[in-house]
Amino acid sequence: MARRLRRAPRMRLSPGAAISLFVIAFSLPLVGCATPAPIVRLNPRSADVVWVGGRASVQAEKSGLHVATAFEHQDGRTVGLRLEIENGTDARIEVGPEDVTFTSCVDETVASCAPTHGIIDPEQMLAALDVAQSRGAAEAANSQALLGTLVLLSAVGDVASVAGGHAHASTGLRTAATADLMGSDAAARNSAQETIGLRRQLWSDQALRRNTLDPGQGTAGLVYLPIDLRAGYVWLHVRLAGALFQFRFEQVVTQIAMPSTGAQARRF
């Protein structure tokens, strides 16, 4: 008589262990060997450089219009330049991001230059941040509602197990793990919303936006350009009331190397 093959018993994970494995599996794709981003600086190339508050600035004047600019900072994959404009004419003028363009060049020859592009539009960035903030708030509410339901269901199951005399060592672990996950999710989503709020404040208050300048008035703000690591030079063009202002910057890229010794090097 043929012997029946006995099936291997299934391994059952406790609810708490199952949730822990889920969290680990979800986090693994996010873990990697990150490398430092290069540091990018724009140094003005001009015979007349004026230092203001530690910034190397250049300026020009045409037909009563005064324009000055200086490198401000790197912001991720963009660089910010401070731009100041003063209307010294007798007429009212309009100033906005649409009046500012840039050209990236590999070297000092015209043939090495890429097409001229407009700077990053603050209004488009603000609109995108509003959308992201609205979606983030909705996703946070839905996530918390789902996790809150799971906490309640787990708690009800734990109470039923205790009342029915079926409690075991893992009773209550699922409820605790789900509640902890709920708190972590809320903290992460709040942090994301705060980041969006800070970004919105930057584009709303610090970036150069559209202004009407009466005679004698001026305005200032930051203009942001996407970084092209291949560029050796960047030209900033400002066109106001028929006058064209052009400023040349040399782009300096500093690559940051990871430590080559110690436990970190062995890890990678």
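Everything below is about the structure printed above this text.
Residues numbered from 1 in each chain as written. Predicted model: local features only at pLDDT ≥ 70, side-chain atom pairs only at ≥ 80, totals over all residues. Heavy atoms only, no water.

## A few points about the pairing of strand β11 (residues 233-240)
Taking burial as the measure, the 8 residues of β11 include 6 buried ones, the bulk of the element. The pairing of strand β7 (residues 100-105) with β11 spans 6 bridges and is classified as antiparallel. Its bridge partner being in β11, Thr103 is matched across the sheet by Trp235. In the sheet, β11 pairs with strand β12 (residues 243-254) via 8 bridges, with the strands oriented antiparallel. Bridge pairing links Leu236 to Phe247 in β12. (Buried < 20%, exposed > 50% of the residue type's maximum accessible area, 1.4 Å probe, protein only. Helix = DSSP H or I, 4+ residues; strand = E, 2+ residues; numbered from the N terminus. Pairing = 2+ DSSP bridges.)

## Concerning the side chain of Asp99
By the element assignment, Asp99 lies in the loop between β6 (93-95) and β7. For Asp99, which is buried and forms no salt bridge, the nearest opposite charge comes from Arg210, at a distance of 7.4 Å. For Asp99, the contacting residues outside a window of four places in its chain are Glu94, His237, Val238, Arg239 and Leu240. (Lys, Arg positive; Asp, Glu negative; His and termini not counted. Salt bridge = Lys/Arg side-chain N within 4 Å of Asp/Glu carboxyl O. Contact = heavy atoms within 4.5 Å.)

## Quick word on the state of the cysteines
Counting across every chain of the model gives 1 disulfide. Here Cys105 connects covalently by a disulfide to Cys113, the sulfurs 2.0 Å from one another. Disulfide Cys105-Cys113: the torsion about the S-S bond is 100°, which places it as right-handed. Exposure remark for Cys105: the relative accessible area of 2% places this residue in the buried category. (Disulfide = S-S within 2.5 Å.)

## A few points about the packing of aromatic side chains
Tallied over the entire structure, the rule returns 0 aromatic pairs. Here the basic side chain of Lys62 rests over the ring of Phe245, its NZ or CZ set 5.6 Å away from the ring centre. (Phe/Tyr/Trp six-rings, centres within 6.5 Å; stacked < 30°, edge-to-face > 60°. Lys NZ or Arg CZ within 6 Å of the ring centre and 35° of its normal.)

## A short note on the sheet that holds β11
Read from one edge of the open sheet, 5 strands run β1-β12-β11-β7-β8, paired in antiparallel fashion. Each edge of the open sheet carries a strand with a single partner, namely β1 (39-44) and β8 (117-118). In this sheet, β12 lies alongside β1 in antiparallel orientation, the contact comprising 6 bridges. For Ile39, the partnering residue across the bridge sits in β12 and is Thr254.

## Some details on the nonpolar core
Val67, Leu81, Leu83, Leu225, Leu240 and Phe245 are the most contacted members of the largest nonpolar core, which has 27 residues in total. Of all the elements in the fold, those that place two or more residues in this core are β1, β4 (65-75), β5 (78-87), β6, β7, β10 (218-226), β11 and β12. Apart from residues lying up to four places away in sequence, Leu83 is in contact with Val67, Ala68, Thr69, Val100, Leu208, Thr219, Ala220, Gly221, Val223, Leu236 and Val238. Core analysis: the second largest hydrophobic core is formed by 9 residues, Ile196, Leu202, Ala207 and Leu222 among them. (Core = buried A, V, L, I, M, F, W, Y, C linked by side-chain atoms within 4.5 Å.)

## Overview of the sheet that holds strand β2 (residues 50-52)
Spatially, β2-β3-β4-β5-β10 is the arrangement adopted by the 5 strands of the open sheet, whose pairing is antiparallel. Every interior strand has two partners, whereas the edge strands, β2 and β10, have only one. Between one strand axis and the next, the sheet turns by 30° as a mean value, whatever way the strands run. Examined bridge by bridge, β2 and strand β3 (residues 55-62) share 3 bridges and lie antiparallel to one another. When the sheet's bridge partners are listed, Val50 is paired in β3 with Ser57. (Axes fitted to C-alpha atoms, helices over the stretch in contact; angles between N-to-C directions.)

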